[in-house]
Each structure stands twice: as C-alpha cells, then as structure tokens.
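Overview (structure and organization)
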Amino acid sequence: MRMLSKCLLLVLAISNATLGKDSAAPLYMIWSPQPVTVDPKPEKPIKYFQNLWGSSVYPIGNGRLGSTIYGEMGKEHIQFNEDTVWTGDEDDTGRYQNLGDLFITFEGISEVAPADAKYRRGLDITNALYSCTYELAGVKYKREYFASNPANVMVYRFTADKKGVYTGSVFLKDAHQGVLKSEGNTITMSGKLGGNIGLDYEAQVMLLHEGGSVEVTSDGTLAFKNCDSLIFLIDGGTNYINQRSKGWKQEHPHQKITNRLAAASKRSFDDLHSEHLKDYHNLFDRVTLNLGDSPAAVQEMQTKDRLDSYRKGTPDPDLEEMLFQHARYLMISSSRPGTMPANLQGVWNTYNNPPWRSDYHSDVNVEMNYWFVDQANLSECFEPYAEWLHSIREVRTEATKKTFNVRGWATRSENGIFGGATYHWVPGDASWLAQNLWDHYAFTMDKKYLSTRAYPVMKELCEYWEDSLIKRPDGKLLSPKSQSPEHGPFVEGNSYEHQLAWDLFTNFIEGSEALGVDAEFRTKVSEMKANLLGPKIGKWGQLQEWAEDLDDPKDTHRHLSHMIAIHPGRQISPLTAPDLAKAARVSMNARGDGATGWSKAWKICIWARLQDGDRAYKLAQEFIKGNVFPNLWGFHPPFQIDCNFGYTAGVCEMLVQSQTGTIELLPALPKAWAAGEVKGLRARGGFEIDIAWADGKLTKSNIKNVSSPTGECKVSYQGVAAKLSIPAGSSKEFVPSQGG
C-alpha cells in the first residue's frame, strides 16, 4: 500500500501539472509561507551565500540558463545566470559571473503579513516548476516559473482571478554596467566581460500581456497597465564557444537570443509548459525511490520546520528521498547536452566575486558533482563534463610542458572554461578528472564516446605519469613531490596520486583492449601499474596517506584523498582486499564523522563502499541535520552544489554497487530503511536495476540489459551470486536462493 500511495501521488502530481489544475501537494515540494524579503549584498560573498541567497531562494534552470526567485508580493526580484558568463583566460581561472537581475514592481499591491495573504512559495521538483500564490483585497494571485530546455528560454507567468489587476513596471539591472535599451515590449542589456578574452554578453527580457497595455517609459523601463496576466520570457548568453582554435569566440549572441525569444513568444504558456514537462520527465522519471512514509504531520510542514523536526530526531524518510531527487533536479537543471558542466554552484550565482570563483575545483568537487549521474540514470547530463575536458586538453598540455617539461598534462585545483588554472599544482587531479570519464563509459558502454572523449585523455595522462613517476632503488614507482589535497607535507609518494594512477592505468588498459588499439603502449602501462607503489598499512593499522608512515591519528582534515581507492576508485573493496579495507576503516574512524558538507557526503559514499550501511546512514543524517539550508541546498559552508550531488551518490552506493565487476544488491542497507523500493538505478556494464526489500531483506530484483554488448553479468546479494545472460532490451529476475 505504501508503494501504491506514492506512485498514485506521483501520477496525480504529473497529470495535474500537465493539465494546469490545482491538486494535493506534489510528492516532492520545497516550500515556505514567506517570501525572501531582504536583499543586502555584503562585501564578503561567503556571508551572502550562506545567510540569504544561498539559504532561502529557490532555483530553476534548463542547463544553460538559471534563475533564483525571491517572490515578494508587491514586487518581484529574479536574479539570473547563463553558464558561459565567465572572466579569465588560458592562464587565469577567472570567475563565474552574475548576469543580471530582473525587477518587477506592482502598483496597488501592498506588502502585508504573509500569513494574512495566505502566502506560499514553493519549488515542485517533481515537475520542475516554481510557484508563488497569495491573496490581497479579495484577489487571488498566482505566479509560475520554469526554465525550458527545448525552447531554451526561461518563462514566468503572473495571473489572477480578477481582470485588470496588474499595473506596474519592469526593469533590468546589468551586473557588469553594460548598455540597456528598451524597445516595444523588450528590454536588452549588453556589454563585454572582463579578462583578456573579454566575452561579449547580452540578455533580453520580453513582456507579453493579456488585456491592458505595455509601453516604454522615459527612463527605459517597461510600464504595464491594467493587464489581466503577464508572461516574461528571458534569455541571455555570450559569444563563447568551447573551441580554442577559434579563440574561444563565435558570433555575438544577439541574434540567437532574439530568435529564441521570438519563437517562444508565438507559443502559448500551456504549450511551452507541456513541452517542458515532457522533456523534464523524460529524465526525472527514470528513477523512483521509496524509503518509507513520513508522518502526515511532518509531510505538511514547511521545509524549514521539517528540517528542524528532523534535527530533533523525528524520522522523515520522505525528506531523505526528496534530497535524493532534489540532486537529480539540480543536475537536470544545470548540466544538459550542449551546456557547460555544473560548477561549484551549479549554474546559480549572484555574485561577481563568488566563493572559490564558483569554478571547477578539481581536487574533489567537480568530480563529486558527476559521481552520481550515471548511477541515477542521467547519463545525458554527463556530456558537458566530457566536452569541457576535451576543450581544455591543449591548453593544459602546453602549461604542463612549460612547467614540468613532460608529455601529457596536469592541472591546478582551480579551473575555468578557457583551460586557465590557478592555485597550486596537484598533478593527480587530472587523473581524477579522467576517472569520471572512464566511469561514464563503464555505465554506458558507448565505444564512440570512449574512442573520442575518454580514451584520448587517459592516454595523455598515462604519458604524463610515464615521464613523471620516480623509480626507487627497489624498482617501485612513486609520484613526484606534491601535497595530499589540501593538507600535509609536499613529499614524494602521495597515496592520493598512486591510487589515481592505478585507476588510470587500469582504465586505460581496459579501454585499449575494448578499442583494440595501442597494444605496445598498453604493455608499457601494465608494467607501470605492476611497479606502482601500492597502498600500505601503517603503524597504527591505518591506510597510509603517504609512502612514508606520516599519518597523525588525531588528524580530522576534511579531505579524504587516500580513500580514493575505496571510493570513487575500485582498487580496494572488502570483497577483493579485506585487509586494506580494514585499514581504511581505521583511517576513517580517525578522521571522524564531522567536517564540511561535501566531506560528509563523501564519507557516506566511502562507508557504503566499506559495506557499513548504518555508518553511512549516520553520516547521511548528520549531513541533513547540519549541512542543508531551508531551500535544501547543501553547504560547505557556504552553498556548494557538490554537497547535494555527493549525498545522492552515497544513497546510490548504499543500494547498488558495481565497481568490482559484480552487481551488488543492497550492499550497505541501513537498519533505518527496513522496507523500500528503488527503480531505475544503473550499474556498470550497461544494466538497469529495480529492487525491493522488506524487513531488511531483498524481496524482488529485476536486471535489465540497457546497453551491454554481451548481456553477461554477475549479480550478488549477501554473498550469494549468480551469472545472468540477458539479451539486449530484456530483463531477468535475480533470485538469491538460486545463486550459483
């Protein structure tokens, strides 16, 4: 009955959104009875990210465009972004920038206490729709906001149950002191971004109305009068192109923006919305998760109170589910084919000097962003990551040659869209970036992708290590002097880099064999792998972080770089290397369960890989209690989207693992999730998994061959395994009692 009730809620939510009807609350709704009412922008952006913008606003996005919405009654403030609005160049990371702010003021709509106006704003992540409703002077007002990927514009509609109630004005604020121009029903802002490359940018907002009138005023704003409803279409962008050979620039964005808005303006809101829903549900609906039902009183709470209730110990499995699906919403909204990859804040950023540049941080963060996408059946969302890495290879190769005089390439920890990098060199980072590339192939088995995107990078990085590894007198290979992110001494032999090199070599060998190429170099890489210094157990039983036994048992640093062999790597598992896995547990216990949001999220993943579901769940609870804002954005602090993505990666790892070559079902199921069901998770080798359990035991499983070229897989549950042969497009049930 639990499963049926949730499925029914989901169907009702989808159908009601499609039909535009009011209904019971959708299955996953983040909401508040108050608008975001204050907009101070202090000099220190971390404070702003943490205390107002990053904790209270609700985001929408289509991969390329994003906006955050404040929702005041007498006025509206919408801050918006486009994912190529960057400064920097091939030497400097630069910074991801705010694009601008849209302000709408209303005459005759005075601010009253939100409770008196029956005010409510909410983000329905089941349908990727933000809405805001309130009542004033007997009039019911409604606002709806979504970002359409098919139409490639953002759409905001303002309606009411009385005609002629909308009178007011619209103006844009350019975040870069560009030129603003108003003509007809459109405001345009344009200019040039800072930095040596200096991208051209533009944004346009078009106002459509029913009833009343719209005109340009003397101060350049759009004035609307006695309108029944308003629709705002907004688009923006730059002349960036991810091709170094073209100087990173293409034609000015004006015409593309104009054409997209013109096309959208000829269509009805319902038509645009229906298309948006179809596109979104094609991705979002692939995975459903049920961890149990929360108390009805908890389900009715505003999100802030719900989090407070959870912090006090009230069980709320629906909230745990919602955070899982919220990360999938955020990924769909900030990383789609043809866009830039999700950065530290996804696609949302209100500041021109954001924390850590809102960049692609490569010593865990951008990798963490993409750990879960294939597991959670969002493989298309991985494409921007692969395309960005492909575009910067040449820049990084030249910088590496200049600095180290070796082949291949390495990077620094901070990275931008032109290949520029700042902060210190961490050579292992590039191999970590490539680990994600291989994993995408392992899940999809897409050989074209392997040959054109993943394999070239892996080969270049193997060449880097061939030229850079240091040979000890005993023949063992060590990494050159570097730091274990982001702490410890600069010494030879960081386990961080050894583990990443091991994974890289392993992946390259398998990729070379799959493509049938580079047999001679494959032999060389196999030799390097065999001679690479492996993981070592130290004097207090720990997994060593360095070649020398330097680990401090009192070190509780947030980075867990010597755990890469556990997760996201595949060198150490309780199933394949139990002694090393035991040492990893010693190290993890010493590190403790505290630290920042993204670190806790990674710890969920690691403990899940160590097959300790209760410890992983403890970290998941602590993450929700201590590192989630009322808008469900995770924080470091401040807000960092890798926190959200890492949490969902951890949930995936608790339910299904496949890194050892065997599909492990419920490898780290916590006691708290005694009964549940998940459908649509992906496993390496090209398989899709549906499983159900009750009383902590597997009750049903279904394995589907989605993209496996052979259909052969090994499936295991609690030590009972079976080999299955599944034709393409077909499914088979795994029954533990029939294992062999």
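Before any of the text, the structure's been laid out above.
The text that follows walks through the structure, step by step, so that each part is easy to find. Everything quoted here is computed from the prediction, not taken from an experiment.

So, the pattern of salt bridges
- Taken as a whole and assessed by the stated rule, the structure comprises 43 salt bridges.
- For arginine 244, the salt bridge is made with glutamate 90, and the minimal N-O distance between the two is 2.9 Å. Remark: glutamate 90 occurs in the loop between strand E4 (75–82) and strand E5 (100–106) and arginine 244 occurs in the loop between strand E16 (229–238) and helix H4 (254–265); sequence separation between them is 154 residues.
- Looking at glutamate 90, the relative accessible area reads 25%, which means it is partly exposed.
- For arginine 157, the salt bridge is made with aspartate 270, and the minimal N-O distance between the two is 4.0 Å.

Some details on the environment of glycine 661
- Relative to the assigned elements, glycine 661 resides in the loop between strand E24 (656–657) and strand E25 (663–665).
- In this structure, the C-alpha to C-alpha distance between glycine 661 and valine 715, residues 54 residues apart in sequence, is 9.2 Å.

So, the nonpolar core
- With 202 residues, the main nonpolar core has Tyr156, Phe505, Trp602 and Leu655 as its most contacted residues.
- Per-element accounting of this core gives the leading share, ten residues, to helix H12 (residues 447–468).
- When neighbours within four sequence positions are excluded, tyrosine 156 is seen to be in contact with Ile60, Ser67, Ile78, Leu102, Glu144, Tyr145, Leu230, Ile231, Phe232 and Ile234.
- Counting residues in hydrophobic clusters, the runner-up holds 13 residues, among them Ala151, Met206, Ala264 and Leu272.

A few points about helix H8 (residues 317–334)
- With 18 residues, H8 extends 26 Å from end C-alpha to end C-alpha; this agrees with the ideal 26 Å at 1.5 Å per step.
- Burial runs high along H8: 18 of the 18 residues are buried.

Remarks on the packing of helix H16 (residues 597–609) against helix H17 (residues 613–626)
- Two elements in contact, H16 and H17, have axes whose closest approach is 8 Å; the angle formed by their N-to-C orientations is 165°. Taken together, H16 and H17 sit at an angle that is classed as roughly antiparallel. As for the relative orientation of H16 and H17, their crossing is left-handed in sense. For the pair formed by H16 and H17, the contact residues are Gly597, Lys600, Lys603, Ile604, Trp607 and Ala608 on the first element and Arg615, Ala616, Leu619, Ala620, Glu622 and Phe623 on the second.
- Counted by class, the contact of H16 with H17 contains seven nonpolar, one polar and four charged residues.

Digging into unusual backbone geometry
- Cis geometry marks the peptide bond from histidine 567 to proline 568, where omega comes out at 10°.
- Within the secondary structure layout, proline 568 lies in the loop between helix H14 (519–531) and helix H15 (578–591).
- Going from proline 637 to proline 638, the amide bond is cis rather than trans, its omega being 5°.
- With respect to the helices, strands and loops of the structure, proline 638 is situated in the loop between H17 and helix H18 (641–655).
- Backbone geometry at alanine 128 places phi at a positive 50°, although glycine is not the residue there.
- Mapped onto the secondary structure, alanine 128 falls in the loop between strand E6 (120–124) and strand E7 (129–136).
- The phi dihedral of arginine 357 is positive, around 65°, even though this residue is not glycine.
- Position of arginine 357 relative to the elements: it lies in the loop between H8 and helix H9 (365–371).
- You can call arginine 357 buried: its relative accessible area is 15%.

Conventions adopted
Residues numbered from 1 in each chain as written. Predicted model: local features only at pLDDT ≥ 70, side-chain atom pairs only at ≥ 80, totals over all residues. Heavy atoms only, no water. Salt bridge = Lys/Arg side-chain N within 4 Å of Asp/Glu carboxyl O. Helix = DSSP H or I, 4+ residues; strand = E, 2+ residues; numbered from the N terminus. Buried < 20%, exposed > 50% of the residue type's maximum accessible area, 1.4 Å probe, protein only. Core = buried A, V, L, I, M, F, W, Y, C linked by side-chain atoms within 4.5 Å. Contact = heavy atoms within 4.5 Å. Expected span 1.5 Å × (residues − 1). Axes fitted to C-alpha atoms, helices over the stretch in contact; angles between N-to-C directions. Parallel < 35°, antiparallel > 145°, perpendicular 65-115°, else oblique. Left-handed = near helix turned anticlockwise from the far one by under 90°. Nonpolar A, V, L, I, M, F, W, Y, C, P; charged D, E, K, R; others polar.

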